[in-house]
Amino acid sequence: MHKIKLAILLSFVLAKQIVLAQTDSIAKPQFTVSSYIIPAALVGYGLVCFDNNGWPSSKQVETWRNDNFAGFKDGTDDFLVFGPGLLLLSLDACKVKSASNFPNQAAITAKAVILSLGIANILKYSTQVTRPDGSADNSFPSGHSVFAFTLAEVLHQEFKNKPLVYISGYTMATVAASMRILNNRHWFSDVLVGAGIGIAATKLVYSTHQYKWKMNKGGFMPIIGSNQMGFVYQF
């Protein structure tokens, strides 16, 4: 619980700094085939580097992990995957101009998460890939990576004119995905494909979303106390 509160506080402080550089004009997301090059490359190489194939291969990355981080065990990745989403809410709380208002933003995020995790779970239980630590046969792809990069891409689409924002989101997602490897829970191929699915699914949702709610001046405000924590939406 302390880690969650700290993450919310840090994201809110970062958002307060970003609001000082706020601009009022943000273009609606426009998509072309070229916008899918990066997620396609992630998925493509994730499939290529499976097992002993490619360089570095998943087996080579596992060997490197075992040689240098054999005793590594840290659960921060379970919280860090929510980082991009917390930053998004913090920016909303500070009323930083985004590409979508909150109702549309919430609908887009929900659809992107459902789509990306739906694809991930179909693959998980159809491919039956064993995790590096041998704990289960649902390793491919990494659900943590899918979720984190879905939220990071939402952050990117909402704040394309603020590199500090979306770079922060991608950084948190990358660290979370890397920790899945260090914790010996996923193969290199798992996190690459997971990242690609998260980004591609989010781009697809943005390109097909029908905006049904008008822009308003409302916003989220955080509530963080000794016995409560959350956000309240002000209309």
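For the structure, see preceding data.
Residues numbered from 1 in each chain as written. Predicted model: local features only at pLDDT ≥ 70, side-chain atom pairs only at ≥ 80, totals over all residues. Heavy atoms only, no water.

Notes on the overall build of the protein
Keep this limit in mind: In this description a helix means any DSSP run of H or I spanning at least four residues, a strand means any run of E spanning at least two, and both kinds are numbered starting from the N terminus. Note on contacts: a residue pair is in contact if any heavy atoms of the two residues lie within 4.5 Å. In this description, accessible areas are obtained by the Shrake-Rupley approach with a 1.4 Å probe, and a residue is regarded as covered only by the protein chains that are shown.
The helix and strand inventory of the protein stands at nine helices and two strands. Secondary structure of the protein in N-to-C order comes out as α-α-α-α-α-α-α-α-α-β-β. Restricting the contact set of the protein to residue pairs at least 6 apart, pairs at least 24 apart contribute 76%. As displayed, the protein offers around 11,800 Å² of accessible surface, 65% of which is attributable to carbon and sulfur atoms.

Quick look at the packing of aromatic side chains
So the rule is basically this: Only rings of Phe, Tyr and Trp enter the pairing, Trp through its six-membered ring, and a pair is recorded when the two centres are within 6.5 Å. The plane angle decides the type: under 30 degrees is stacked, over 60 is edge-to-face, the rest tilted. The rule is simple: take the accessible area with a 1.4 Å probe, protein chains only, and divide by the maximum for that residue type; under 20% is buried, over 50% is exposed, in between is partly exposed.
One pass over the full model with this rule turns up four aromatic pairs. Ring geometry for phenylalanine 69 against phenylalanine 72: centres 6.2 Å apart, planes inclined by 85°, an arrangement best described as edge-to-face. Note on phenylalanine 69: relative accessible area 31%, which makes it partly exposed. Here phenylalanine 82 and phenylalanine 147 contribute two aromatic rings whose centre-to-centre distance is 5.3 Å and whose plane-to-plane angle is 70°, an arrangement assigned as edge-to-face. With phenylalanine 82 in the loop between helix H4 (77–80) and helix H5 (83–93) and phenylalanine 147 in helix H7 (residues 143–158), the pair connects residues that are 65 residues apart, well separated along the chain. You can call phenylalanine 82 partly exposed: its relative accessible area is 43%. The exposure class assigned to phenylalanine 147 is buried, which follows from its relative accessible area of 17%. Each residue in the set Trp64, Phe69 and Phe72 is aromatic and connected to the rest through ring pairs, giving one cluster.

Description of the pattern of salt bridges
Keep this limit in mind: Salt bridges are identified by distance alone: a Lys or Arg side-chain nitrogen within 4 Å of an Asp or Glu carboxyl oxygen.
Applying the stated rule across the entire model yields four salt bridges. Aspartate 133 serves as the salt-bridge partner of arginine 185, at 3.0 Å between the closest nitrogen and oxygen. Here the residue arginine 185 occupies a position in the loop between helix H8 (163–182) and helix H9 (188–208), and aspartate 133 occupies one in the loop between helix H6 (102–127) and H7, the gap between them amounting to 52 residues. Looking at arginine 185, the relative accessible area reads 26%, which means it is partly exposed. Using a relative accessible area of 34% as the deciding quantity, one classes aspartate 133 as partly exposed. What emerges from the salt-bridge pattern is a single network uniting Asp77, Asp78 and Arg180.

Here's the deal with H9
Quick note on the threshold: Here a helix's expected span is defined as the number of its residues, less one, multiplied by 1.5 Å.
The first and last C-alpha atoms of H9 sit 31 Å apart over 21 residues, in line with the 30 Å expected at 1.5 Å per residue. Along H9, 17 of the 21 residues are buried, which leaves the element largely enclosed by surrounding structure.

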